[in-house]
Amino acid sequence: MLFHFLYPLHVKHTFFNVFKYITFRTFGASITSVLLCMLIGPAYIRFLQRKQMGQAIREDGPKTHLLKKGTPTMGGGLILLAIVIPTLLWSDLTNKNMWVAVLVTLLFGVIGYIDDYRKVVKKNPKGLSGKQKLLSQTLVALAAAYFIYVMRDTPPVLKFPFFKEWSFYLGPFFVPFAAFVIVGCSNAVNLTDGLDGLAVGPTITTSATFLILAYCAGHVKIAEYLQIPYIFGAGELAVFCGAVAASCLGFLWFNTYPAQVFMGDVGSLALGAALAVVAVITKNEILLALCGGIFVIEALSVMAQVVSFKMTGKRVLKMAPIHHHFELKGWAEPKVIVRFWIISILLALITLSTLKLR
Ligand code: 57M
């Protein structure tokens, strides 16, 4: 919005020319997002406490989690506010990529909110049924994928890191593939959100990495130099990614161990979808799996556990997802969390190195 009101003033005052630059507006959105979290966070947590939006804790989980009973959840509403308001304030509102990213994030947040509301307020431990959740996520993801497919100005291909000449032509199959990436990433972040700040850390590293990838993809000279696909208008997603990373940083102030608030499905489903939609638009689906490797490991650990138990009656882990396995091995919760963050930072660095190694 500021771009539309303030940039035209550059004809009178050259200072306002700065609003043309995506870099400046990305910093603006990021700082606005962290400030929003800091300013609204305490009151928002008090609101959740007043409404008794306390987390119910399952008996079959690690015993250390029983102390968390009653921690306010659905803090993801704060994250969504800190993503959407700065993005709309600082981005070019005529940019379709930004709107797709914001709307998918919000719609997945609504799905998570309904699930949380049924669990926390209606005291229905099931929340939305697995089928209802998956169907609604799939419908939103397919709609977004179809819109991205028809608005694209580059061929619908799957790009590979390191091998610039490799690309797999997807054609119309791009739509279900992209939808799978969005739903899969959303649920992987949801599974990862099981320790204080555990999901937030990798989301910060992944969104910060995709901020850079989106900026490069949307810059015709940089894209040509790096030999990555030039995606018209992708640069504006850097503003969105800045807001995502900063909203998580601001939320981490309250969600760090011992957490004052959990994000709830309203946050985890939305954040996963946000990361995935940026990856799909910028043709970095494989880099998403690399950079978001913690999310992939968490999801695969659950699949391995369930398949192994169903086929052999034996568990491959003490408990899935894998963060609980390390807890039951005796690692203190903060140790599990920070070590997963360290892995995420390393994966982000490797992801960025692929830009030059193509
Ligand atoms: C999402 N939710 C956390 C919080 C957060 C198929 C199976 C693997 C499903 C999985 C499951 O239920 N996943 C749901 C994970 C929950 O966090 C809430 O959910 C929101 C995210 N969606 O925002 O509102 C608990 O996680 C802890 N937590 C924190 N700090 C945070 O910042 O400590 C969350 C955020 C919270 C709190 O204790 O209550 C969760 O873990 O449920 N199931 C599991 O993950 C369970 N694993 C399991 O059953 N494994 C089995 C089979 C099915 C694979 C096995 O290993 O044999 C574990 N989770 C729980 N109990 N709660 C273990 C048992």
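Refer to the preceding data block for the structure.
Just so we're clear, the structure is a prediction, and the values are computed from it rather than from any experiment.

Caption draft 1: Up close: a nonpolar patch on the surface. Where nonpolar side chains cluster on the molecular surface, the patch consists of V338, I342, I345, L346 and L349 and spans about 440 Å² of accessible area. Its place among the elements puts L349 in helix 14 (residues 333-353).

Caption draft 2: The arrangement of unusual backbone geometry in detail. Here the bond from Y257 into P258 is cis, since omega is -15°, no more than 30 degrees from zero. Following the sequence through the fold, P258 ends up in the loop between helix 9 (237-255) and helix 10 (264-281). A cis amide bond, omega -5°, links A320 with the succeeding residue P321. Assignment of secondary structure puts P321 in the loop between helix 12 (293-312) and helix 13 (322-328).

Caption draft 3: Spotlight on the environment of A243. Tracing the sequence through the fold places A243 in helix 9. Owing to a relative accessible area of 0%, A243 belongs among the buried residues under this scheme. Residues A243 and S186 lie 57 residues apart in sequence; the distance between their C-alpha atoms is 18 Å. Excluding residues within four positions of it along the chain, A243 makes contact with S30, S33, A82, I83, P86 and T87.

Caption draft 4: Molecular detail of the site of the ligand. Around the ligand, 31 residues are found, and the nearest of them are Q55, N190, D193, G264 and D265. Residue D193 places a side-chain N or O atom 2.5 Å away from an oxygen atom belonging to the ligand. A distance of 3.0 Å is found between an oxygen atom of the ligand and a side-chain nitrogen or oxygen belonging to Q305. Out of a free accessible area of 1000 Å², the ligand has 83% covered by protein chains. Breaking the shell around the ligand down by element, the ones donating at least two residues are helix 6 (174-192), helix 10 and helix 12. Looking at the shell around the ligand, its residues break down into 11 nonpolar, 12 polar and eight charged.

Caption draft 5: Structural context of the pattern of salt bridges. Under the definition given, this model contains eight salt bridges. A salt bridge links D115 to K133; the nearest nitrogen and oxygen atoms lie 3.0 Å apart. Placement of D115 in helix 4 (residues 96-121) and of K133 in helix 5 (residues 130-151) is noted, with a sequence separation of 18 residues between them. Residue D115 shares its accessibility class with K133, and that shared class is buried. For D265, the salt bridge goes to K133, with nearest N and O atoms at 2.7 Å. One end of the pair, D265, is in helix 10; the other, K133, is in helix 5, with 132 residues separating them in the sequence.

Here is what the cut-offs are and how they apply
Residues numbered from 1 in each chain as written. Predicted model: local features only at pLDDT ≥ 70, side-chain atom pairs only at ≥ 80, totals over all residues. Heavy atoms only, no water. Patch = residues over 30% accessible without salt bridge, like charges linked within 9 Å, V, L, I, M, F, W, Y side chains within 5 Å. Areas by Shrake-Rupley, 256 points an atom, 1.4 Å probe, with all protein chains shown as cover. Salt bridge = Lys/Arg side-chain N within 4 Å of Asp/Glu carboxyl O. Helix = DSSP H or I, 4+ residues; strand = E, 2+ residues; numbered from the N terminus. Buried < 20%, exposed > 50% of the residue type's maximum accessible area, 1.4 Å probe, protein only. Contact = heavy atoms within 4.5 Å. Near = heavy atom within 4 Å. Polar contact = N/O pair within 3.5 Å; in protein donor to acceptor, adjacent residues only side chain to side chain. Nonpolar A, V, L, I, M, F, W, Y, C, P; charged D, E, K, R; others polar.

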